[in-house]
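One-letter residues, chain by chain:
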Amino acid sequence: MKTCSSHLAGPWGRCMGSDCGPGGSQSRAVWCAHVDGWTTLHTNCDQGQRPSNQRNCFRVCDWHKDLYDWKLGAWNECVPVSARTFGAPRQFTCSGGEEGIQIREVGCMLKSDGSPAEDAICEYFEPKPRLEQACLIPCPQDCVVSEYSPWTSCSKTCGTGLRNRVRSVLVPPLFGGAGCPNLTEFQSCKPGPCTGPEGLYSLRVGPWSTCALPQTRTARQAKRRKGKGQGLRERGGVKDPETRELIQKKRSRNRLNRQESPFWDIQVGYQTREVACIHRNGSRVVRK
């Protein structure tokens, strides 16, 4: 008979007690039910698995409203609805944005020290705030650049020189869009042969290297300190307090400007190449 019966428990009742606070108690009904649905004697169920029918609780009183309140966490990143439904975002043509869901943590807390408390305490005065909300994920915006400017004039009047042209960023990449291409192009130019002493020399221009991020400020400072040695110590820095304060304000303002402009936070890389001066006989001219 025991194998065909199991314990069932009803919902917890209201927290009761004579004192306000954690000294209250709750009770609920527990019964033994046959697999077919009808109740039977408790002895027909395994008493070792019988759930408790009473527990301690926090008895809320009206004056607790000034002591407890809901603590609202920050909304997390907007996740596509398709990712939650199918496990991974589906490929689709973005038009106006994609529907998403944001979640946050909400819990009851004691105002005095921010320690967590039972949600039932805060729910006594106010319903629990929502844990989810709808959001819109904007479509990815690829980088848009202007047309190139006209080529500059050649850097040399004869022999081999260089000229360049530039373009600017019209719309930065946003929300995972494609990055910006190179904004500057260089090209060798030959206005004509040199008839004077300049005809003995010409420029040899190597290929561009891969685009790489510049050294960090810390690395550049370490490199300068290594090269200058004791020179920095001998200078002793800026001694005037007003000048130091102005420099510090400028640095702080620059940092704030970078932090407040996330949409224009484009990582600009650099390319290098070798440009050498070559004598007519093929020897390299060493720069003095």
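Heads up: the structure comes first, above all this text.
An account of the accompanying structure is given in this report. Note that the coordinates shown come from a computational prediction; the quantities given were computed from them, not determined experimentally.

## Notes on the overall build of the protein
Across its full length, the protein holds 5 helices and 17 strands. The buried share among the 288 residues of the protein stands at 18%. In the protein, once contacts between residues fewer than 6 apart in sequence are set aside, the share between residues at least 24 apart is 69%. Within the structure as shown, the protein displays about 21,500 Å² of accessible surface, and the carbon and sulfur contribution to it stands at 52%.

## What to know about the state of the cysteines
In this structure the tally under the stated criterion is 7 disulfides. Covalent S-S linkage joins C108 and C122, the inter-sulfur distance amounting to 2.0 Å. Across the S-S bond linking C108 and C122, the dihedral sits near 70 degrees, which makes this disulfide right-handed. Placement of C108 in strand 9 (residues 106-110) and of C122 in helix 2 (residues 119-123) is noted, with a sequence separation of 14 residues between them. Overall, the relative accessible area of 3% leaves C108 in the buried class.

## Focus on the sheet that holds strand 7 (residues 79-80)
Pairing in this open sheet of 3 strands is antiparallel, and the strands run 7-8-11 from one edge to the other. Every other strand in the sheet has two partners, leaving strand 7 and strand 11 (132-137) as the edge strands with one partner each. Across 6 bridges, the pairing between strand 8 (residues 98-103) and strand 11 is antiparallel. Paired with E98 across the two strands is I137, which belongs to strand 11.

## Remarks on the pattern of salt bridges
Scanning the model with the defined rule gives 2 salt bridges in all. For the salt bridge of D119 with K128, the shortest nitrogen-to-oxygen distance reads 2.9 Å. Under the relative-accessibility criterion, K128 is labelled partly exposed at 31%.

## Details of the packing of aromatic side chains
This structure, assessed with the given rule, holds 3 aromatic pairs. Aromatic pair F186 and W208: ring centres 5.5 Å apart, planes at 45 degrees, arrangement tilted. Here the residue F186 occupies a position in strand 15 (residues 184-192), and W208 occupies one in the loop between strand 16 (201-205) and helix 3 (217-228), the gap between them amounting to 22 residues. We classify F186 as partly exposed; its relative accessible area is 36%. Sitting above the plane of the Y148 ring, R165 keeps its charged end 4.2 Å from the centroid.

## Observations concerning the pairing of strand 8
Pairing between strand 7 and strand 8: 2 bridges, direction antiparallel. Along strand 8, the bridge assignment pairs P80 with G100.

Calculation criteria
- Residues numbered from 1 in each chain as written.
- Predicted model: local features only at pLDDT ≥ 70, side-chain atom pairs only at ≥ 80, totals over all residues.
- Heavy atoms only, no water.
- Helix = DSSP H or I, 4+ residues; strand = E, 2+ residues; numbered from the N terminus.
- Buried < 20%, exposed > 50% of the residue type's maximum accessible area, 1.4 Å probe, protein only.
- Contact = heavy atoms within 4.5 Å.
- Areas by Shrake-Rupley, 256 points an atom, 1.4 Å probe, with all protein chains shown as cover.
- Disulfide = S-S within 2.5 Å.
- Pairing = 2+ DSSP bridges.
- Salt bridge = Lys/Arg side-chain N within 4 Å of Asp/Glu carboxyl O.
- Phe/Tyr/Trp six-rings, centres within 6.5 Å; stacked < 30°, edge-to-face > 60°.
- Lys NZ or Arg CZ within 6 Å of the ring centre and 35° of its normal.

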